[in-house]
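# Examining the three-dimensional arrangement
Each chain, written out:
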Amino acid sequence: MHRNKDVVLGEDGYTNRSNNAPANIFSLTSFVLAILKTVSPSPTRAIEYFQDDRNRAIRMLSGFH
């Protein structure tokens with residue numbers, strides 16, 4: 001999982017280390033990976049699926065397919 005968070009989502013590149021920021025980033029990246037896994041076992045392929053039509057992600061999150 002760390003590979004996906006770091007390589008695919010660039011988690012190690014985040015520079016905000018104050019207060020609750022690291023915990024919030026961890027939670028958000030975990031949530032994003034969970035969403036991506038519903039589309040494809042490969043996070044990269046799932047990102048590519050949404051990349052061409054960002055409204056797909058909005059429709060998926062809102063429950064409209």
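Let us look at the structure shown here.

About the criteria used
Residues numbered from 1 in each chain as written. Predicted model: local features only at pLDDT ≥ 70, side-chain atom pairs only at ≥ 80, totals over all residues. Heavy atoms only, no water. Helix = DSSP H or I, 4+ residues; strand = E, 2+ residues; numbered from the N terminus. Buried < 20%, exposed > 50% of the residue type's maximum accessible area, 1.4 Å probe, protein only. Contact = heavy atoms within 4.5 Å. Areas by Shrake-Rupley, 256 points an atom, 1.4 Å probe, with all protein chains shown as cover. Axes fitted to C-alpha atoms, helices over the stretch in contact; angles between N-to-C directions. Parallel < 35°, antiparallel > 145°, perpendicular 65-115°, else oblique. Nonpolar A, V, L, I, M, F, W, Y, C, P; charged D, E, K, R; others polar. Phe/Tyr/Trp six-rings, centres within 6.5 Å; stacked < 30°, edge-to-face > 60°. Lys NZ or Arg CZ within 6 Å of the ring centre and 35° of its normal. Expected span 1.5 Å × (residues − 1). Arc of directions from axis to C-beta. Salt bridge = Lys/Arg side-chain N within 4 Å of Asp/Glu carboxyl O. Polar contact = N/O pair within 3.5 Å; in protein donor to acceptor, adjacent residues only side chain to side chain.

### Here we look at the overall build of the protein chain
Summing up its helical and strand segments, the protein chain has four helices and zero strands in all. Along the protein chain, helices and strands appear, N-terminal first, in the series α-α-α-α. For the protein chain, with 65 residues in total, the buried portion stands at 20%. Put simply, of all contacts in the protein chain between residues at least 6 apart along the chain, 32% involve residues at least 24 apart. For the protein chain, the computed accessible surface area is about 5000 Å², with 55% contributed by carbon and sulfur atoms.

### A short note on the packing of helix H3 (residues 43–51) against helix H4 (residues 54–62)
Relative to each other, H3 and H4 sit at 105 degrees, their axes nearing to 6 Å. Comparing their axes, H4 and H3 come out roughly perpendicular. Within the contact between the two elements, H3 uses Tyr49, Phe50 and Gln51 and H4 uses Arg54, Arg56, Ala57 and Met60. Partitioning the contact of H3 with H4 into residue classes produces four nonpolar, one polar and two charged.

### Quick notes on the packing of aromatic side chains
Inspection of the entire model under this criterion finds one aromatic pair. Note on tyrosine 49 and phenylalanine 50: the rings are 5.2 Å apart at their centroids and 70 degrees apart in plane angle, and the pair reads as edge-to-face. Positioned above the aromatic ring of tyrosine 49 is the side chain of arginine 56, whose terminal nitrogen or guanidinium carbon lies 4.3 Å from the ring centre.

### A few points about helix H2 (residues 21–39)
End to end, H2 covers 27 Å across 19 residues, agreeing with the expected 27 Å (1.5 Å per residue, within 8%). By the burial criterion, the buried members of H2 are Ala21, Thr29, Leu33, Ile35 and Leu36. Within H2, the buried residues cover an arc of 160 degrees as seen down the axis, which keeps them to one side.

### As for the pattern of salt bridges
Two side chains carrying opposite charge are able to pair once their charged atoms lie near each other. Considering all chains together, one arrives at one salt bridge under this definition. Measuring nitrogen to oxygen at the nearest pair gives 3.4 Å for the salt bridge that ties arginine 59 to aspartate 53.

### As for the side chain of serine 40
For serine 40, the location among the structural elements is in the loop between H2 and H3. Among the polar contacts made by the side chain of serine 40, one reaches the main-chain amide nitrogen of serine 42 at a distance of 3.2 Å. Excluding its chain neighbours within four sequence positions, the residues that come into contact with serine 40 are Arg45 and Ala46.

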